[in-house]
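As a plain string of letters, each chain reads:
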Amino acid sequence: METTSGEATQASAAAGRRQPPSARRTVDGYLLAHFPWYGLDEAFTGPRWLMQVGTAADGAVEHGSIGHGDEPSVRNEYAVGSTGEPRDKFAVVVTVAANPSRRSADGTGLLEATSVSSAAWLAGVGLLSLTWPGQMDHTLRDEWLEQQTEIAWALADDLSGPTWSTLSLPVDGVPASFHYQESEFGWVLAGSTREGVHLGAYGRGMSAYGLGFAMIKDIASYG
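Every chain's residues receive numbers from 1 upward, in the order its sequence appears when written. Totals for whole chains, interfaces and linings use every residue, but because this is a predicted model, local features are given only for residues with pLDDT of at least 70 and side-chain atom pairs only at 80 or more, for both listing and counting. The side-chain figures draw on all heavy atoms in the structure; neither hydrogens nor water molecules are used.

Visitor: Just to check I follow, could you spell out the overall build of the protein chain for this structure?
Guide: Counting from the N terminus, the helices are the DSSP runs of H or I reaching at least four residues and the strands are the DSSP runs of E reaching at least two. Of the regular secondary structure elements, the protein chain holds four helices and eleven strands. Per-residue burial over the protein chain gives 49% buried out of 223 residues. Within the protein chain, residue pairs in contact and separated by at least 24 positions form 63% of the contacts whose partners lie at least 6 positions apart. Total accessible area on the protein chain stands at roughly 10600 Å², and carbon and sulfur atoms take up 51% of it. Remark: exposure states derive from per-residue accessible area (1.4 Å probe, protein chains only) relative to the maximum for the residue type, with buried under 20%, exposed over 50%, and partly exposed in between. Any two residues having at least one pair of non-hydrogen atoms within 4.5 Å are treated as being in contact. For the accessible areas, the method is Shrake-Rupley and the probe is 1.4 Å, while residue cover comes only from the protein chains on display.

Visitor: Got a minute to help me understand the packing of aromatic side chains in this structure?
Guide: For any two aromatic rings, the description comes down to two numbers: the centre-to-centre distance and the angle of the planes. When the centres of two rings from Phe, Tyr and Trp lie within 6.5 Å, Trp using its six-membered ring, the rings pair. Their planes under 30 degrees apart give stacked, over 60 give edge-to-face, and anything left gives tilted. All told, the structure shown has five aromatic pairs when counted by the stated rule. Taken together, the aromatic side chains of Tyr30, Phe35 and Trp37 make up a single cluster linked through ring pairs.

Visitor: Before we go on, may I ask you to explain the nonpolar core in this structure?
Guide: Side chains that are nonpolar tend, in soluble globular proteins, to be buried together. Nonpolar cores were defined as sets of buried Ala, Val, Leu, Ile, Met, Phe, Trp, Tyr and Cys residues, with membership established by side-chain atoms within 4.5 Å. Grouped together as the largest cluster of nonpolar side chains are 58 residues, with contacts concentrated most on Leu189, Tyr202 and Phe213. Broken down by element, the residue count for this core peaks at nine residues, all from helix H3 (residues 116-129). Excluding residues within four positions of it along the chain, Tyr202 makes contact with Met51, Phe90, Ala91, Val92, Val94, Ala123, Gly126, Leu127, Leu130, Trp187 and Val188.

Visitor: Where do I start with the side chain of Arg204 in this structure?
Guide: Mapped onto the elements of the fold, Arg204 is located in strand S10 (residues 197-204). Residue classification places Arg204 among the buried residues on the basis of a relative accessible area of 3%. Of note is the side chain of Arg204, whose polar atom sits 3.0 Å from the backbone oxygen of Leu130. Under this definition, polar contacts are N or O atom pairs within 3.5 Å; protein pairs additionally need one hydrogen-donor-capable and one acceptor-capable atom, and for neighbouring residues in sequence, both atoms have to be side-chain atoms. Looking at Arg204, its side chain comes within polar contact range of the main-chain oxygen of Phe185, at 3.2 Å.

Visitor: Looking at this structure, how should I read the pairing of strand S9 (residues 186-192)?
Guide: When a strand is regular, its side chains alternate between the sheet's two faces. With six of seven residues buried, S9 lies mostly within the body of the structure. At least two bridges found by DSSP between two strands is the condition for calling them paired. Looking at chain direction, strand S8 (residues 174-183) and S9 are connected through five bridges and run antiparallel. Each bridged residue has a counterpart across the sheet, and for Glu182 the counterpart in S9 is Trp187. Hairpin geometry of S8 and S9 is characterised by an intervening segment of two residues between the two adjacent antiparallel strands. Direction of pairing for S9 relative to S10: antiparallel, over a ladder of six bridges. Following the sheet pairing, Trp187 is matched in S10 by Gly203. Between the end of S9 and the start of S10, which pair antiparallel, lie four residues, with Gly196 showing a positive phi angle near 80°.

Visitor: Would you take a moment to explain the confidence of the model for the protein chain for this structure?
Guide: Caution is warranted with low-pLDDT regions, since their predicted coordinates should not be read in detail. The pLDDT value tells you how sure the predictor is about a given residue, anywhere from 0 up to 100. With 73% of its residues at a pLDDT of 70 or more, the protein chain shows a mean pLDDT of 79. Of all the helices and strands in the protein chain, helix H1 (residues 5-16) carries the lowest mean pLDDT, 36, while strand S11 (residues 213-215) carries the highest, 98. Scored below 50 in pLDDT, residues 1-24 makes 46 contacts in the model with residues more than four places away or belonging to other chains.

Now the structure itself:
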C-alpha cells in the first residue's frame, strides 16, 4: 500500500464522504480477510463496533478498522488552539495485512506493498476524516482535507522523523514499539505485530498511554 500523492488526494475525498460507523456495520468483509483482526485488549470494557474494510485491486481484503468507545462524529471545535474536553472519546484500531509487492490474482499487474507507513497513513487519514476545523465551510474543508492528507502521507513516509516519538504498548501481552504522534486533532500511532499484520490506531478524548492491543478471537461476534 505504498501509495502516491495522487492516490492520497483521492482517498482524502473518499474519507470526507464517509458514512457514520453505525451505517457501515457489517461483518461480511471482515470474514473474508486472510489475516487476524486486532482491537484493544480486555482492559478496555466499553463499546466496540465495526467500521469498514479496504480492498486491493483484486478484491482481496487488505485492511479494516474496529472502533472503541463513543462512535465519533465530525466535530468543528477542533481548530488549532481550541480548548475544552472533546465530546467524543474514542480509539480506532486499524489492522493492515503485511503484504509484499505481489502480482494481482488475474496476473495483469502488481499490487502495492503494505508497511508500517501504510498503517500510519490510514490512521492519520481516519482521524482527519473526523475533524472539521472551526470557521470553515464545506468547500474549504474539502481543500483542507486534501492538503492535510498529503501532509499525513509525507509524515507517515518518514516515521523516523522528528514529528514522531516512540511508545511501548503491549500487543497480545508482549511489549511492542510504536511510532506515536499527537496533534490538536487527536493522536495517531503505528507499529507491527508478530502475527503478520501492521497496526495503526487513532483517537481523541482517550489517552493512547496505557492502551493495549490483542487479536480478536471471534470477529463474527461483532456482527
